[in-house]
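Structural characterization, general
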Amino acid sequence: VYQTYENASQQRLIVVANRLPVSAVRERDGSWSLQVSAGGLVSALMGVSNFKTCWIGWPGVYVPEGPERDALTAALAKECYVPVYLDPKIVDLHYNGFCNSVLWQLFHYVPLNMDSKLSETRTLQFQWAAHQSANQRFADVVLRNYSAGDVVWVQDYHLMLLPAMLKNRAPKMKVGWFLHTPFPSSEIYRTLPVREEVLRAVLKADLIGFHTYDYARHFVSACTRILGLEGTPEGVEDNGSLTRVAAFPIGIDPERFARALEKPNVKAHIAQLLNRYAGRKVMLGVDRLDMIKGIPQKLLAFEKFLEEHPQWRDKVLLVQIAVPSRTDVPEYQRLRSMVHEIVGRINGHYGTLTHVPIHHLDRQLAFHELCALYAVTDIALVTSLRDGMNLVSYEYVACQSDNAGVLVLSEFAGAAQSLGAGAILVNPWNITDMAAAIEDALTMSDQERRERHRQNYMHVTIHTSQTWADTFISELNDTHVEAELRTKH
Ligand code: ADQ
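This section reports on the structure supplied with the text. These figures come from a predicted structure and were not determined experimentally.

A few words on the overall build of the protein chain. The secondary structure content of the protein chain amounts to 18 helices and 17 strands. Its C-alpha atoms give the protein chain a radius of gyration of 23 Å, near enough to 23 Å, the size a compact globule of 489 residues would have. Its C-alpha atoms give the protein chain principal-axis dimensions of about 70 × 55 × 45 Å.

Right, let's get into the packing of helix H10 (residues 264–277) against helix H13 (residues 367–376). Two elements in contact, H10 and H13, have axes whose closest approach is 9 Å; the angle formed by their N-to-C orientations is 50°. Considering the angle they form, H10 stands oblique to H13. By crossing handedness, the relation of H10 to H13 is classed as right-handed. Facing Asn265, Val266, His269, Ile270, Leu273, Leu274 and Tyr277 of H10, the residues of H13 in contact are His368, Glu369, Cys371, Ala372, Leu373, Ala375 and Val376. Partitioning the contact of H10 with H13 into residue classes produces 10 nonpolar, three polar and one charged.

Turning our eyes to something else, we now look at the sheet that holds strand E13 (residues 316–324). The parallel open sheet is built from six strands, whose spatial order is E14-E13-E12-E15-E16-E17. What marks the edges here is a single partner per strand, and that holds for strand E14 (358–361) and strand E17 (424–426). Mean inter-strand twist for the sheet, computed between neighbouring axes without regard to direction, equals 20°. Examined bridge by bridge, strand E16 (residues 406–410) and E17 share three bridges and lie parallel to one another.

Following both chains from N to C, one finds helix H11 (residues 295–308) and helix H12 (residues 330–350) inclined at 15°, their axes separated by 10 Å at the closest point. If you check the angle between H11 and H12, you find them roughly parallel. Remark: the crossing between H11 and H12 carries left-handed chirality. Residues Ile295, Pro296, Leu299, Leu300, Phe302, Glu303 and Leu306 of H11 form the contact with H12, whose participating residues are Met338, Val339, Ile342, Val343, Ile346 and Tyr350. Residues belonging to the contact of H11 with H12 are distributed by class as follows: 12 nonpolar, no polar and one charged.

We now examine the nonpolar core. Within the largest apolar cluster, 143 residues are counted, with the highest numbers of intra-cluster contacts made by Val16, Val152, Phe219, Leu407 and Val408. At eight residues, the largest contribution of residues to this core is made by helix H3 (residues 88–107).

Next up on the list: the sheet that holds strand E7 (residues 174–178). One open sheet holds the nine strands; their spatial order is E5-E4-E1-E6-E7-E8-E11-E10-E9, and the pairing between them is mixed. Two strands close off the open sheet at either side, each with one partner strand: strand E5 (81–83) and strand E9 (230–231). In this sheet, strand E6 (residues 151–155) lies alongside strand E1 (residues 12–19) in parallel orientation, the contact comprising four bridges. Along E6, the bridge assignment pairs Ile14 with Val152. Along the sheet, helix H8 (residues 213–227) makes contact with strand E8 (207–210), E9, strand E10 (235–238) and strand E11 (241–247), crossing E11 at roughly 150°.

If you check the backbone angles, Asn390 has positive phi at about 95° while not being a glycine. Mapping Asn390 onto the fold places it in the loop between strand E15 (379–382) and helix H14 (391–398). What makes Asn390 buried here is the crowd of 27 C-beta atoms within 10 Å. Unlike most non-glycine residues, Ala404 shows phi in positive territory, near 55°. With respect to the helices and strands, Ala404 occurs in the loop between H14 and E16. In this structure Ala404 comes out as buried when scored by C-beta crowding, with 21 C-beta atoms within 10 Å.

Analysis parameters
- Residues numbered from 1 in each chain as written.
- Predicted model: local features only at pLDDT ≥ 70, side-chain atom pairs only at ≥ 80, totals over all residues.
- Helix = DSSP H or I, 4+ residues; strand = E, 2+ residues; numbered from the N terminus.
- Rg over C-alpha atoms; globule rule 2.2 N^0.38 Å.
- Axes fitted to C-alpha atoms, helices over the stretch in contact; angles between N-to-C directions.
- Parallel < 35°, antiparallel > 145°, perpendicular 65-115°, else oblique.
- Left-handed = near helix turned anticlockwise from the far one by under 90°.
- Contact = placed C-beta atoms within 7 Å.
- Nonpolar A, V, L, I, M, F, W, Y, C, P; charged D, E, K, R; others polar.
- Pairing = 2+ DSSP bridges.
- Core = buried A, V, L, I, M, F, W, Y, C linked by C-beta atoms within 7 Å.
- Buried ≥ 20, exposed ≤ 12 C-beta atoms within 10 Å, placed from the backbone.

Here it is, written out as structure tokens:
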């Protein structure tokens, strides 16, 4: 099952990710429809078209074995997607439990919580066992679909055990693994009870990639300090065998946004929004509703700004789009209530009969709506407490050719290392400084805005998702050439 391209010599790329890039939705007539999901990994990989690609992942729904499951598998196959079906119990313990309540937190510098269920050793044991069996299910599906010559690209922290599971059964398979989140300092990572098992499994990959050099360095330190292996400029060495570790900063497909801005429905939407926002400056936040995105901190900074600058109160508006994610996890439900409470307080206090300071939406936007918002707004506020890269900042820059809007960007997002020169960098924990950054952004001279935008635009259009994938896959192919040469000598 794979996409066919005119150039038949293209290598087949098997992308393995926890989720397929679409969610399966059951229609009234019993058929399945597929909806593209929001998220950075999907956005980036959608921009990659140089390979014959087959995507393997969990379809996001449980369907018991039988005709219904067969119908969904067939609908997915048409799009070159191969589903990995997981039992609800496994999904709960592996995905909600081990992945989202343990690894996701830890990788974003949230320490393991003594008060949570985690301190009950048995819960962690169950979660770990489910995590192992989920990874095994993925490995089985990959192995069933793999043919010699394919290259397998495993994505993200959900599937760190996969490289070992694949290599044990198919030693010649080319396996790369890329982490979309930060890799934390080894001082944080080493609190993970199964730290060694996870590192050893991922080290079986031929190539390990991170967004930034810092994350790669943290990973190599974890391997040297926890496993006692040797770190070299190329990667990690174990008994003379090297696993390459390097930085591959992700990007977007800027052309997709440029094309969208030319479409009549986007232009119409832009005209509508410009009309609605006339006479006011508009700031934009677009985030998955996740604690790492620093949404409460962003709102508090805006509140402080309004408090300190009464002259701006009816002249500036914050449009905050927060698409709900991981809605089964209690921490995410609490975050949602907290955000609603702060928005309500600010709107109640600073709103008037004609002006509401925060326009907050709890849903995913259609692509044309998102592009229009990116294009018409004056400032983007990206205030992540930690973020692997943050592609919203890239998308905003890609859509601002006319306006040259200002990007206010957290120094804790990987993107600060690539867009830092053009953005106003902030520490999202410092609400006072963030309020000051909002003022700087609102009052920046036209010349400075254009110069900052020019620098960022150049970066976004050169470092695209296609170059990211090309570089990673070409390095992955090279690692094998090198390994073969080593064996021959
Ligand atoms: P995410 O945490 O999902 O990605 P990000 O990189 O900002 O974060 O990507 C979010 C994507 O979702 C963007 O493409 C954006 O357009 C889309 N999106 C967000 N909210 C939306 C909404 N309301 N409606 C429609 N679309 C919406 C993870 C890591 C990041 C890393 C990426 C890629 O957490 O740090 O940059 O993977 O590696």
